[in-house]
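These are the residues of each chain, in order.
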Amino acid sequence: MTGSCRCGATGIEVSKPPALTAACHCRGCQKMSASAFSLTALYPAEAFRVVQGDPVVGGAKGAELAHYCCPGCQTWMFTRITGVEGFVNVRPTMFEDSSWFRPFIETWTAAKHPFVQVTAEHSFEHFPTMEEFGGLLAAYAERG
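Just so you know, these numbers come straight off a predicted model, no measurement behind them.

Peer 1: Talk me through helix α2 (residues 130–143); I want residue IDs and the actual numbers.
Peer 2: Spanning 14 residues, α2 covers 20 Å between terminal C-alpha atoms, matching the ideal 20 Å at 1.5 Å per step. Listing the buried residues of α2 in full gives F133, L136 and Y140. Buried residues in α2, looked at end-on, bunch into an arc of 60 degrees, giving them a common side. More than 90 degrees from the buried face of α2, the exposed residues found are E131, A141 and E142. Summarising the contacts, the buried residues of α2 are in contact with β3 (20–24), β4 (38–44), β10 (105–107) and β11 (122–123).

Peer 1: So what's going on with the sheet that holds strand β1 (residues 2–4)? Which residues, and what values?
Peer 2: Pairing within the open sheet is antiparallel, and its 3 strands lie in the order β1-β2-β5. Strand pairing shows two members of the sheet lacking a second neighbour, β1 and β5 (48–52), which therefore form its edges. Shown here is a sheet whose adjacent strand axes are inclined to one another by a mean of 30 degrees, direction ignored. Pairing analysis gives 3 bridges linking β1 to strand β2 (residues 11–14), with the strands arranged antiparallel.

Criteria and thresholds
Residues numbered from 1 in each chain as written. Predicted model: local features only at pLDDT ≥ 70, side-chain atom pairs only at ≥ 80, totals over all residues. Heavy atoms only, no water. Helix = DSSP H or I, 4+ residues; strand = E, 2+ residues; numbered from the N terminus. Expected span 1.5 Å × (residues − 1). Buried < 20%, exposed > 50% of the residue type's maximum accessible area, 1.4 Å probe, protein only. Arc of directions from axis to C-beta. Contact = heavy atoms within 4.5 Å. Pairing = 2+ DSSP bridges. Axes fitted to C-alpha atoms, helices over the stretch in contact; angles between N-to-C directions.

Right, dumping it as structure tokens:
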């Protein structure tokens, strides 16, 4: 699948299906997306590449993660998390067709706005533990 930022200057491509999909209700995602939550599709790092442009780190910066944005329109496109280098969190709405997207999990429901209803199969008050994460990846893969 291919996609781009809002202005079209930065393009991305994935060559495999996502390993997991999610909605995150944390305050950071609320602020970054200017919405009640953010959407993410977790892709194997080797299946993701930037095909056009040169994204810059924006939003939250630090040792734990880096949010990548188009330098022109500042669209938040993907995130790389320190310690999880095997995956890239891509905003699924960047793809030309995002109609396939459904969140399998929702995280940080402790910060969820009371009016929000997400139809994820699994909900977590914060982030799933590493032990839970492996099982979630396997369960998502079983769904096809």
